[in-house]
Amino acid sequence: MKILSDKNNLQILHEDNHIIVVNKRVGDIVQGDKTGDKPLSEVVKEYIKDKYNKPGEVFLGVVHRLDRPTTGIVVFARTSKALMRLNDLFKNRETQKTYWAIVKNKPQKPEDKLVHFLKRNEKNNTSKAHINEVPESKIASLDYKVIKELNNYFALEINLHTGRHHQIRAQLSAIGSPIKGDLKYGFDRSNPDGGIHLHARKLVFIHPVSKENTIIVAPVPNDVIWNAI
């Protein structure tokens, strides 16, 4: 997909009167948190304010989030009507989310459906994937397939069925294939930029206002491994 704009470290993938879709980079936080770092939502607000010469406060609704070390598609709502409808789409799982991940250890099966019960640990901000249900766990499901064998790594394509905390990271770690750079989930070393090789590649949804089928594809980050896919 063509990048519409690449200013102020902001890659715009889609923009209309009701939504704006951004290709998040490593290290960006989608919404403000305790770190106090400037969130992507504020950068997008500034972009809109500047582009359209909007007086006063710019409305921007955060629909969903990506982990800070992850890259790829993030959708924001520019109107309250769009926000309400997008919230329902994501809540009711009426979107198709496709991710790409790079792992060092090839999964035992070239493609498979993974079902685990994820329990979140608030203290260290991780989720542990269990085969059987445990107290306070939530079911997590995804499909993966190996799409390319690289020199030392394997590229996986993942389709999410549920949207749990750190779901892909925890489930791939549970089958012995942690994501490149993901120290938190068992990879042996970090990436130089502090990110992990997990990318929200594609999102398909019905536009909240026009009702058109909308397909967004985010270019991968510019590095040697991603470029090899």
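Let me sum up the structure you'll find in this document. (Residues numbered from 1 in each chain as written. Predicted model: local features only at pLDDT ≥ 70, side-chain atom pairs only at ≥ 80, totals over all residues. Heavy atoms only, no water.)

## Thoughts on the nonpolar core
Inclusion rule: Buried Ala, Val, Leu, Ile, Met, Phe, Trp, Tyr and Cys residues that are joined via side-chain atoms within 4.5 Å together make up what is termed a nonpolar core. Whether a residue is buried, partly exposed or exposed follows from its accessible area with a 1.4 Å probe, protein chains only, as a fraction of its type maximum: under 20%, in between, or over 50%, in that order. In this description, contact between two residues means that some pair of their heavy atoms is separated by no more than 4.5 Å.
Val 44, Ile 73, Phe 76, Ile 158, Ile 168 and Leu 172 are the most contacted members of the largest nonpolar core, which totals 49 residues. What Ile 168 contacts, discounting residues up to four positions off in sequence, is Tyr 99, Leu 142, Ile 158, Leu 160, Ile 179 and Leu 198. Counting eight residues, the second largest nonpolar core, distinct from the first, contains Leu 150, Ala 155, Ile 225 and Trp 226.

## Digging into the packing of aromatic side chains
What counts here: In this analysis, rings of Phe, Tyr and Trp, with Trp reduced to its six-membered ring, are considered paired at centre separations within 6.5 Å, and the interplanar angle assigns stacked below 30 degrees, edge-to-face beyond 60, and tilted for intermediate values. Counting as a charge over the ring demands two things of the Lys NZ or Arg CZ atom: a distance within 6 Å of the ring centre and an angle within 35 degrees of the ring normal.
Inspection of every chain in the model, using the stated rule, returns zero aromatic pairs. Directly above the aromatic system of Trp 100 lies the positively charged group of Arg 201, at a separation of 4.2 Å from the ring centroid.

## A closer look at the pattern of salt bridges
Operational definition: What makes a salt bridge here is a side-chain nitrogen of Lys or Arg within 4 Å of a carboxyl oxygen of Asp or Glu, nothing more. Strands are runs of DSSP state E lasting at least 2 residues, helices are runs of H or I lasting at least 4, and numbering of each runs from the N terminus.
All told, the structure shown has 11 salt bridges when counted by the stated rule. The partner of Lys 51 in a salt bridge is Glu 15, with the nearest N and O atoms 3.3 Å apart. In this pair, Lys 51 sits in helix α1 (residues 40-52) while Glu 15 sits in strand β2 (residues 10-15), placing the two residues 36 residues apart along the sequence. Between Glu 57 and Lys 45 there is a salt bridge; the shortest N-O distance is 3.2 Å. A residue pair is termed long-range when its members are at least 10 positions apart, and Glu 57 in the loop between α1 and β4 (61-62) and Lys 45 in helix α1 qualify at 12 residues. Connected through salt bridges with shared partners, the residues Glu 42, Lys 45 and Glu 57 form a single ionic network.

## Observations regarding unusual backbone geometry
Phi at Asn 53 takes a positive value of approximately 50 degrees, unusual for a residue other than glycine. The topology assignment puts Asn 53 in the loop between α1 and β4. With a relative accessible area of 65%, Asn 53 lands in the exposed category.

## A closer look at the environment of Lys 81
Secondary-structure assignment places Lys 81 in helix α2 (residues 80-91). The exposure class of Lys 81 is partly exposed, given its relative accessible area of 41%. Sequence separation between Lys 81 and Pro 208 is 127 residues, and the spatial gap between their C-alpha atoms is 8.0 Å.

## Here we look at the pairing of strand β12 (residues 213-217)
Note the cut-off: Note on pairing: two strands pair once DSSP finds at least 2 bridges between them.
The pairing of strand β11 (residues 198-206) with β12 spans five bridges and is classified as antiparallel. Bridging from a neighbouring strand, Leu 203 pairs with Ile 216 of β12. Hairpin connection, β11 to β12: the antiparallel pair is bridged by six residues, and Lys 211 has positive phi, about 65 degrees.

## Focus on the side chain of Thr 98
The condition that has to hold: Pairs of N or O atoms within 3.5 Å make up the polar contacts considered here, provided that, within protein, one atom can donate a hydrogen while the other can accept it, and that residues adjacent in sequence are counted only when both atoms are side-chain atoms.
Along the chain, Thr 98 falls in strand β6 (residues 96-103). By relative accessible area, Thr 98 is classed as buried at 11%. There is a polar contact of 2.7 Å between the side chain of Thr 98 and the side chain of Asn 159. The residues contacting Thr 98, other than those within four sequence positions of it, are Glu 157, Ile 158, Asn 159, His 199, Ala 200, Arg 201 and Lys 202.

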